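Listed here are the chains, written in short residue letters.
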Amino acid sequence: MAPERWIVFTAVALPFIAAALLPLGYRLLGERVGYAGAAVAAACFGLVASLVGTSGTVSTPWIPSMDVAVRFYVDGWALLFALLASGIGVTIFAYSARYMHGMPNLVRFYATLLAFMGSILGVAFASDLLVLFLFWELTSVCSFVLIGYHADEAESQFSARMAMLITVGGGLCLLVGILLLSSAAGVVLGGGAFDPTFDLAAILATETSEGSISAQLEDSGLFLPALVFVTVAAGAKSAQVPLHFWLPRAMVAPTPVSAFLHSATMVKVGVYILGRLRPLFGGPEWELLIAGLGLATMTVGAVIAVRAVDIKELLAYSTASHLGLMVAAFGFQVHYGAEAGAFHLLNHALFKAALFLVAGIVAHEAGSRRVDELGGLWRDLPVTAAITGVTALSMAGIPPLHGFYSKELLFAAAWDVAEASGGLAWLYPATATVASVFTVLYSLRFLWLFLGDRPEGLGSVHRPSPALVAPPALLAGAALLVTVLPERAIDLLVQDGALATATAGETVSVHAELPLELSGPVAMSLVAVGVGVALFPAYDRVLAVVDGGYRLSRAVHPTALYRGLLAEIERSSGGVRRWLHTGLIRSYVWWALAGTCAITLAGYATTGAPPAIAGLGVPAAMVLVLGVAVVAALSVTATDTHVTGVLTLSILGFMVAIFYILASGPDLALTQLVVETLLLLIFLLVIEELPAFYGELEVSVAVRDAALSLVVGATAFVSVLLVAPPGGGSLSGTAKEYVERAPKEGGGTNVVNVILTDFRAFDTLGESIVIAMAAMSVLVLLAMRGRGETR
Amino acid sequence: MTTIIMKTTARVVVPIVLVVAISLFLQGHNLPGGGFIGGVLTVAAFTLVYVAYDLDYLEVSVLERDVDPGTGIFEHRTVTTYRRLFTLGLAVTLASGAGALLFGAEFLSQTFEYVHLPLFGEVELATALLFDVGIYCVVVGGLLAIFSVVGAE
């Protein structure tokens, strides 16, 4: 069944409209506007939910000449992601309404959060590659604003900038990947490599037929570059090693943001795109790259999570680890891979969002986020403890909780691949098991915040308000529901989602049942849980080992590399600044003119030989006028005061005006005269402010300036030669056309004016905007000068 | 520059310049001239007043209003007026362009009509003139805003 067009468009547009109306809503509702946000999210959830069971493309043209349209594609995978984003959005907004009580800048906070949700829905449904890119970058920008919520704290600024650089940098890689893909698609589907096709649904549809786009990419040798660029983009967004370090840093954002963006939605965008493109890129290269990347992240994230000292940091690294799990799942080229990836997307979103909200409650009520300062909280926070029990054990993958099923599917995928390939491929299940041991360890550690002994230093813990506990309880309830009725959840959502990510030839059929007999994957689960639980009493010793390894590898930590790179960039741009940014207008003018001339001349040089100079029949009057102009120009350099300099310069200007008259351009001449007069007046206006004499002239400066003058003159000369119509005084075709049409269609006999106001009025409009902009810039610059912008 | 010679010359010249500017602006459709040229010439006239007298001269002596000396140059009434003028100019150009859309024509397309007026006889009314009014306002407002602020430094 095809989806209703208006439902899809409304679902994506609604959050943006709500974000625009939010300042008004804040006026009316105050802090309760958070609940309005929840209502918007619920409306989106309802709209998306009504689409379940449909599939197909809806579109509206955007740039038809480039075959770009706002296309939205609805299928199981898009619906799963969109439902998660909007559904979790409801709980996050409801939680924020209470959690953000009394905080500043709430309008910006909620508006960005809404816009963010809209962008995620956009990414989920986007079927046009450019629209996808647009929404993709929008999520990065919104995330930047939200991470930097505490805009005046250095820590926030650093983290927000880091997230922005990494994810937007990844976005640029995505753009390259998209362009490679679309040009290959152009060859297969359209008129050729220069007639790109951006329709993702059409691109994916070719994979099942002859003449596929991946084959085309391989023929042109671009398969691997496209794959790598897309992987880097997805890895940056989904915090894969070695670009994982921005995610824990992003935890400076308020907790609802961490729960929403950095566990359930934004970081899933990378996983989502990998799932989306899996049918296209699937193959041995894909498996090696993606599965390897995912498993590495899964292990590194889990190991670092064990040594985290802050509960949000623990959850952040655990998020990276679970993202690695999903990425690895999509990497494996067996049907279990698609199943594990799609199922874990749902499971992880449910338990991780709940856990983050729990972390927020703990920080809010106990006043600390340090792991070693918290413990035995179950007496103070019984409901929260119950929520944590369900979700943390699910995170650890303990049966029969829902997290177990998807993890078991991953183990099955790794095991199958290893069995089929043998040899080194056994590293896949081995790594996955090791990572899971650590997952069990840190999950239990988080649970021990509630179960263990109560530390001495922990003061009184308040009871959280029901408004704070209800959202995570709702999520935990959903998690329990998936645990009890896994087949129902699979039928509704996961099966269709996994189908969309399956490569051709895979038969996807998601099952979730407790294993009753021993097999390879079951053994992996047993080892992971068994060793994890057995090691937990010796947590301190594990921690010491991990800490030792962490310190040894300090030199290659990506954070250190990132800092070093930033410092290097700052240093070298400081070096460039000493040349360019001197604060002296004359040096700016020098660079601007030199740059313009260089680019112009280079442009001429690449287009071919200069034209021959023909028809030097210049009337005597013109020679005289131009001669006077040259004399005036030369004598300007010899003047010793400003007044004589200005007056001599205006001789030059007036001579040029006369030249225009001789060349029968009265409009130009008038303009030149008027502007010249005005310039003279401006000089008179400012002349008293200028220094009275020029001072000593350094030889090097004089030589440099003379050289620049020559180059500028040469550029102007060559330009005139190239642009001027061939001699003989006859009008060009365009000019004739204008002369003919001006009285008839423009109603004016002054052709120049008709061109300005009618034929090319758009140019004139642009120029008038430039004038207005110049005026505004001058006003702003002068007004800001006194405001202590000294840094 | 505020010498007697300058002041006297400005007194005589400025009205003539202004009239010439307006005539250049109006005749622009059929003879040399137009919004930009008329605008720049108007600016020249005003700048001449500023050079010969000062920024407050027009307000105080010609219009006989009081000028509040306390506020800075950016809140100065003259500068505010110029700012409004170029904003208005942009609005007029855009509106004259968008007006064409109402008649089903493309953005910024112009048309013209001949009407018979008493005294003037046959007069051409072109929508291009409206567009030119906008350009004129932008040029006058923009340039004068810059000059009055810079000149006050």
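Located above this text is the structure these notes cover.
What counts as what
Residues numbered from 1 in each chain as written. Chains lettered and ligands numbered in written order. Predicted model: local features only at pLDDT ≥ 70, side-chain atom pairs only at ≥ 80, totals over all residues. Heavy atoms only, no water. Helix = DSSP H or I, 4+ residues; strand = E, 2+ residues; numbered from the N terminus. Buried < 20%, exposed > 50% of the residue type's maximum accessible area, 1.4 Å probe, protein only. Contact = heavy atoms within 4.5 Å. Areas by Shrake-Rupley, 256 points an atom, 1.4 Å probe, with all protein chains shown as cover. Salt bridge = Lys/Arg side-chain N within 4 Å of Asp/Glu carboxyl O. Buried area = accessible area lost by both parts, 1.4 Å probe. Polar contact = N/O pair within 3.5 Å; in protein donor to acceptor, adjacent residues only side chain to side chain. Nonpolar A, V, L, I, M, F, W, Y, C, P; charged D, E, K, R; others polar. Axes fitted to C-alpha atoms, helices over the stretch in contact; angles between N-to-C directions. Parallel < 35°, antiparallel > 145°, perpendicular 65-115°, else oblique. Left-handed = near helix turned anticlockwise from the far one by under 90°. Patch = residues over 30% accessible without salt bridge, like charges linked within 9 Å, V, L, I, M, F, W, Y side chains within 5 Å. Expected span 1.5 Å × (residues − 1). Pairing = 2+ DSSP bridges. 1 Å grid on protein atoms, 1.4 Å probe; cavity = no way out; pocket = protein on both sides within 12 Å on 5 of 7 lines; lining within 4 Å. Points joined across faces, edges and corners; volume = space filled by probe spheres on them.

Asks: Even after reading the chapter, I still don't get the overall build of chain A, so can you show me in this structure?
Replies: The secondary structure content of chain A amounts to 31 helices and 2 strands. Expressed as lengths along the three principal axes of its C-alpha atoms, the size of chain A is roughly 105 × 65 × 55 Å. Buried positions account for 49% of the 791 residues belonging to chain A. Contacts spanning at least 24 positions in sequence make up 78% of the contacts within chain A whose residues lie at least 6 apart. Total accessible area on chain A stands at roughly 35,400 Å², and carbon and sulfur atoms take up 68% of it.

Asks: Sorry, what's going on with unusual backbone geometry here?
Replies: The phi angle of most residues is negative, glycine excepted, and most peptide bonds adopt the trans form. Residue and element names in this part refer to chain A. Of note, the amide linkage connecting Val241 to Pro242 takes the cis form, showing an omega dihedral of 0°. For Pro242, the position within the fold is in the loop between α9 (223-237) and α10 (246-249). Cis geometry marks the peptide bond from Pro399 to Pro400; its omega dihedral reads 5°. Examined against the element boundaries, Pro400 turns out to sit in the loop between α16 (382-396) and α17 (402-421). The backbone phi angle of Asn105 is positive, close to 55°, even though this residue is not glycine. A relative accessible area of 42% places Asn105 in the partly exposed class. Positive phi, close to 55°, is recorded for Ala239, a residue that is not glycine. Here Ala239 falls in the buried class, since its relative accessible area comes to 0%.

Asks: Mind showing me how you'd approach the pattern of salt bridges here?
Replies: Any two side chains of opposite charge can pair, given that their charged atoms come close. All names here are of chain A. Summed over the entire model, instances satisfying the criterion amount to 11 salt bridges over all chains. The residue Glu568 makes a salt bridge to Arg571 at a minimum N-O spacing of 3.0 Å. Of the two residues, Glu568 and Arg571 are both situated in helix α23 (residues 558-580); the distance of 3 residues between them amounts to about one turn of the helix. Arg571 sits in the exposed class, given a relative accessible area of 57%. Note that Arg760 is salt-bridged to Asp763, the shortest N-O span being 2.9 Å. Residues joined in a network through salt bridges with shared partners are Arg71, Asp128 and Asp199.

Asks: Please explain the interface of chain B and chain A as it appears in this structure.
Replies: Accessible area lost during the coming together of the parts is what is often quoted as the interface size. Every contact between the two is made by 48 residues of chain B and, on the other side, 44 residues of chain A. With both chains or domains summed, chain B and chain A bury close to 3,800 Å², and 77% of this area falls on carbon and sulfur atoms. The interface formed by chain B and chain A holds 0 salt bridges in total. Linking chain B with chain A are 2 residue pairs in polar contact (both at pLDDT 80 or more), by the criterion used here. Breaking the side of chain B that touches chain A down by element, the ones donating at least two residues are α2 (35-52), α4 (77-102), β1 (112-117) and α5 (127-152) of chain B. When residues of the side of chain B that touches chain A are assigned to their parent elements, the largest contribution, 14 residues, is made by α5 of chain B. A breakdown of the residues in the side of chain B that touches chain A according to their chemical character gives 33 nonpolar, 11 polar and 4 charged.

Asks: What is the right way to read the packing of α9 of chain A against helix α12 (residues 266-281) of chain A from this model?
Replies: Two measures define how a pair of helices packs: the angle their axes make with one another and the distance between the axes. Residue and element names in this part refer to chain A. Look at α9 against α12: their axes get within 7 Å of each other, and the N-to-C directions meet at 160°. Classified by the angle their axes make, α9 and α12 are roughly antiparallel. Where α9 crosses over α12, the handedness of that crossing is left-handed. Facing α9, whose interface residues are Phe223, Ala226, Leu227, Val230, Ala234 and Lys237, α12 presents Met266, Val267, Val269, Gly270, Ile273, Leu274, Leu277 and Phe281. Tallied by class, residues from the contact of α9 with α12 come to 12 nonpolar, 1 polar and 1 charged.

Asks: Where do I start with a nonpolar patch on the surface in this structure?
Replies: On the surface, Ile17, Leu21, Leu24, Leu28 and Leu29 of chain A cluster together to form a nonpolar patch covering roughly 510 Å² of accessible area. What makes Ile17 of chain A partly exposed here is its relative accessible area of 46%.

Asks: Is there a simple way to explain the packing of α12 of chain A against helix α15 (residues 335-366) of chain A in this structure?
Replies: Residues and elements named next belong to chain A. In contact at an axis separation of 11 Å, α12 and α15 are set at 155° when each is read in the N-to-C sense. The angle between α12 and α15 falls in the class roughly antiparallel. Where α12 crosses over α15, the handedness of that crossing is left-handed. Across the interface between the two elements, Lys268, Val271 and Arg278 from α12 touch Gly337, Ala338, Leu345, His348 and Ala349 from α15.

Asks: Would you mind showing me how to read helix α31 (residues 761-785) of chain A here?
Replies: In an α-helix, one turn spans 3.6 residues; hence positions three or four apart end up facing the same way. A rise of 1.5 Å per residue sets the reference length of α31 of chain A, with its 25 residues, at 36 Å; its end C-alpha atoms lie 36 Å apart and thus fit the reference within 8%. Contacts from the buried residues of α31 of chain A go to α30 (751-759) of chain A together with α2, α4 and α5 of chain B.

Asks: Mind showing me how you'd approach the pairing of strand β1 (residues 56-63) of chain A here?
Replies: Where a strand is regular, its side chains alternate between the two sheet faces. Residues and elements named next belong to chain A. Sheet topology places β1 next to strand β2 (residues 68-74); 7 bridges connect them, and they run antiparallel. Bridging across to β2, Gly56 finds its partner in Val74. Counted between consecutive antiparallel strands, the loop separating β1 from β2 contains 4 residues, among which Asp67 sits at a positive phi close to 60°.

Asks: For this particular structure, what's the right way to read the side chain of Asn750 of chain A?
Replies: Following the sequence through the fold, Asn750 of chain A ends up in the loop between α29 (733-746) and α30. Here the side chain of Asn750 of chain A touches Val752 of chain A through a polar contact of 3.2 Å, landing on its backbone nitrogen. If near-sequence neighbours (up to four positions away) are discounted, Asn750 of chain A is found in contact with Asp667 of chain A together with Gly28, His29, Asn30, Leu31, Pro32 and Gly33 of chain B.

Asks: Would you mind going over empty space enclosed by the protein with me for this structure?
Replies: Remark: the empty space left among the atoms is shown by a probe the size of a water molecule rolled over them. Residue and element names in this part refer to chain A. According to the stated counting rule, one finds 3 cavities of 30 Å³ or more in the structure shown. If you add up the space inside the largest cavity, you get close to 50 Å³. Around the largest cavity sit Leu129, Leu132, Leu174, Ile178, Leu181, Leu200, Val230, Ile273 and Leu277, which together line it. If you list the elements that add at least two residues to the lining of the largest cavity, you get α5 (129-147), α6 (154-189) and α12.

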